[in-house]
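Okay, here's what each chain looks like letter by letter:
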Amino acid sequence: MSCGEPHETDCSEILDHLYEFLDREMPDSDCVKFESHFEECSPCLEKYGLEQAVKKLVKRCCGHDDVPGDLRAKVMGRIDLIRSGQAVPDQDVTASPATPQES
């Protein structure tokens, strides 16, 4: 997406890293770039507002569920594998195999 106007930071870069901005997972200097972009680019500002609203709705509706410890451990293990560049198995290797049902 691009609004067709020239910007110091391209719209595609803004939208590619929008969730990092929403979650404040980027350096302050990058946040300033985003804020400046939103001041001059209404399509990106609109997209930001929409994503921010969705994030708040999800938090309000789903933010109170406790995550089981074993699920958290499995997810964090997969993230570690991905970050280290290792192959991630298609199936959960820690899950016990399904037992056949008796007829």
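This one's a predicted model, so the numbers in the text were calculated from it and none came from an experiment.

### Considerations on the overall build of the chain
Across its full length, the chain carries five helices and zero strands. Taken from the N to the C terminus, the helices and strands of the chain come in the order α-α-α-α-α. The buried share of the chain, reckoned over its 103 residues, is 16%. Restricting to contacts in the chain with at least 6 residues of sequence separation, those with at least 24 account for 44%. Total accessible area on the chain stands at roughly 8400 Å², and carbon and sulfur atoms take up 52% of it.

### With respect to a nonpolar patch on the surface
A cluster of nonpolar side chains, namely Val 67, Leu 71, Val 75, Met 76 and Ile 79, defines an oily patch on the protein surface of about 390 Å² accessible area. Structurally, Leu 71 is set in helix H5 (residues 69-84). For Leu 71, a relative accessible area of 42% gives the class partly exposed.

### Comments concerning the UniProt feature "domain: Putative zinc-finger" (unreviewed entry) in the chain
As annotated by UniProt and renumbered to match this structure, "domain: Putative zinc-finger" (unreviewed entry) occupies residues 11-44. The span residues 11-44 is 79% helix and 0% strand, and its two end C-alpha atoms sit 7 Å from each other.

### Describing the packing of helix H3 (residues 28-40) against helix H4 (residues 42-62)
Between H3 and H4, whose axes approach to 6 Å, the crossing angle comes to 115°. Where H3 crosses over H4, the handedness of that crossing is left-handed. On the side of H3, the interface is formed by His 37, Phe 38 and Glu 40, while H4 contributes Ser 42, Cys 44, Leu 45 and Tyr 48. Grouping the constituent residues of the contact of H3 with H4 by class yields four nonpolar, two polar and one charged.

Rules used in this analysis
- Residues numbered from 1 in each chain as written.
- Predicted model: local features only at pLDDT ≥ 70, side-chain atom pairs only at ≥ 80, totals over all residues.
- Heavy atoms only, no water.
- Helix = DSSP H or I, 4+ residues; strand = E, 2+ residues; numbered from the N terminus.
- Buried < 20%, exposed > 50% of the residue type's maximum accessible area, 1.4 Å probe, protein only.
- Contact = heavy atoms within 4.5 Å.
- Areas by Shrake-Rupley, 256 points an atom, 1.4 Å probe, with all protein chains shown as cover.
- Patch = residues over 30% accessible without salt bridge, like charges linked within 9 Å, V, L, I, M, F, W, Y side chains within 5 Å.
- Salt bridge = Lys/Arg side-chain N within 4 Å of Asp/Glu carboxyl O.
- UniProt positions renumbered as here; feature names shortened; annotations may be inferred.
- Axes fitted to C-alpha atoms, helices over the stretch in contact; angles between N-to-C directions.
- Left-handed = near helix turned anticlockwise from the far one by under 90°.
- Nonpolar A, V, L, I, M, F, W, Y, C, P; charged D, E, K, R; others polar.

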